[in-house]
Amino acid sequence: MDEFTYNFELLRATREKKKIKAQSIAVDLCLSERHIISIEENSLQYFASNSLKYASLKKYIAALGLK
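Below, the structure is looked at part by part. (Residues numbered from 1 in each chain as written. Predicted model: local features only at pLDDT ≥ 70, side-chain atom pairs only at ≥ 80, totals over all residues. Heavy atoms only, no water.)

**With respect to helix α4 (residues 50-63)**
Here α4 is 14 residues long and its end C-alpha atoms lie 20 Å apart, about the 20 Å a rise of 1.5 Å per residue gives. Within α4, burial applies to Asn50, Lys53, Ser56, Leu57 and Tyr60. The arc that holds the buried residues of α4, viewed along the axis, is 120°, so those residues lie on one side. Of the residues in α4, the exposed ones pointing more than 90 degrees away from the buried face are Lys58 and Ala62. Looking at the buried side of α4, the elements it contacts are α1 (8-17), α2 (22-28) and α3 (33-40). (Helix = DSSP H or I, 4+ residues; strand = E, 2+ residues; numbered from the N terminus. Expected span 1.5 Å × (residues − 1). Buried < 20%, exposed > 50% of the residue type's maximum accessible area, 1.4 Å probe, protein only. Arc of directions from axis to C-beta. Contact = heavy atoms within 4.5 Å.)

Here you go:
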């Protein structure tokens, strides 16, 4: 998979503006809190692959109501 970029700062800011805790949205998305933090820090640390991170990122963006 080619490298992809996204505005990870916007994701955190949107979640915080909506007063959603990382743990809460993680449960809603069947992810762990560290996956959410990893997405928000633009890190691959807790994902087995880039494609798994991308799939989780798509779910996270949709859950926040972003495009």
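**Points about the pattern of salt bridges**
A complete count under the given rule lists two salt bridges for this structure. For arginine 15, the salt bridge identified is with glutamate 40, shortest N-O distance 2.6 Å. Here glutamate 40 lies in helix α3 and arginine 15 lies in helix α1, a separation of 25 residues in the sequence. When its relative accessible area of 2% is taken as the criterion, glutamate 40 is described as buried. (Salt bridge = Lys/Arg side-chain N within 4 Å of Asp/Glu carboxyl O.)

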